[in-house]
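Working through the structure, step by step
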Amino acid sequence: QVQLVESGGGLVQAGGSLRLSCVASGTLFSISPVGWYRQAPGKQRELVATITRIGNTNYADSVKGRFTISRDNAKNTVNLQMNSLKPEDTAVYYCNLVSTVGGISYYWGQGTQVTVSS
């Protein structure tokens with residue numbers, strides 16, 4: 001089992017920055033791809049960024065050049081540095097881990113609210 005706990009959300013003005021962190025329990029983190037997703041009110045959950053166990057990254061077009069995902073396998077942590085925030089970045093942000101041990105399993109955190117005011 002994996003538990004994911006996010007932190008770092010909050011209220012920020014447009015153009016500001018926030019750093020989200022997600023800590024995972026257990027032993028699967030270092031061998032699993034992890035990522036951040038977000039869900040705005042009335043919209044479907046969407047991918048923000050992912051990072052493989054060896055550090056290859058992928059970003060949604062809407063955040064390229066503004067957000068940076070990173071991971072620290074020694075600390076079971078994945079971070080999302082968000083710069084130049086826009087009101088349309090307002091959403092609940094979720095941490096995700098995909099395990100392929102014994103089949104494919106998806107794990108989610110409880111989410112952290114990010115609100116960007118104009």
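Residues numbered from 1 in each chain as written. Predicted model: local features only at pLDDT ≥ 70, side-chain atom pairs only at ≥ 80, totals over all residues. Heavy atoms only, no water.

1. A closer look at a nonpolar patch on the surface
Just so we agree on the cut-off: Patch membership requires over 30% relative accessible area and the absence of a salt bridge. Like charges are linked within 9 Å, and nonpolar side chains (Val, Leu, Ile, Met, Phe, Trp, Tyr) within 5 Å. The method behind every accessible area is Shrake-Rupley, applied with a 1.4 Å probe, and residues are considered shielded solely by the protein chains displayed. Take a side-chain nitrogen of Lys or Arg and a carboxyl oxygen of Asp or Glu: if they are within 4 Å of each other, that pair is a salt bridge. Helix and strand labels come from DSSP, where a helix needs a run of H or I of at least four residues and a strand needs a run of E of at least two; each type is numbered from the N terminus.
Among the surface-exposed residues, Ile104, Tyr106 and Trp108 lie close enough to one another that they form a single nonpolar patch of about 360 Å² accessible area. Checked against the element boundaries, Trp108 lands in strand β10 (residues 105–108).

2. Examining the pattern of salt bridges
Spelled out, the test is: Buried means the residue's accessible area, taken with a 1.4 Å probe over protein chains only, is under 20% of the maximum for its type, while exposed means over 50%, and partly exposed covers the values in between.
Under the criterion given, the structure shown has four salt bridges. Across the salt bridge formed by Arg38 and Asp89, the nearest N and O atoms sit 2.9 Å from each other. Of this pair, Arg38 sits in strand β4 (residues 34–39) while Asp89 sits in the loop between β8 (77–82) and β9 (91–99), and the two are 51 residues apart along the sequence. Residues Arg38 and Asp89 agree in their burial class; the two are buried. Where Asp89 meets Arg66, a salt bridge forms, and the shortest distance between an N and an O atom there is 2.8 Å. Here the residue Asp89 occupies a position in the loop between β8 and β9, and Arg66 occupies one in the loop between β6 (57–59) and β7 (67–72), the gap between them amounting to 23 residues. Note on Arg66: relative accessible area 11%, which makes it buried. A network of salt bridges, in which partner residues are shared, links Arg38, Glu46, Arg66 and Asp89.

3. Here's the deal with unusual backbone geometry
At Asn76, a position not held by glycine, the phi torsion is positive, near 50 degrees. With respect to the element layout, Asn76 can be found in the loop between β7 and β8. Of note in this structure, Ser84 is not a glycine but carries a positive phi near 50 degrees. Inspection of the secondary structure assignment puts Ser84 in the loop between β8 and β9.

4. Let's talk about the pairing of β7
Stated formally: At least two bridges found by DSSP between two strands is the condition for calling them paired.
Side chains of β7 alternate between two faces, with Phe67, Ile69 and Arg71 buried and Thr68, Ser70 and Asp72 left unburied. The pairing of β7 with β8 spans six bridges and is antiparallel. Bridge pairing in β8 places Ile69 opposite Leu80. Here β7 hands over to β8 after four residues, with Asn76 in that stretch at a positive phi of 50 degrees.

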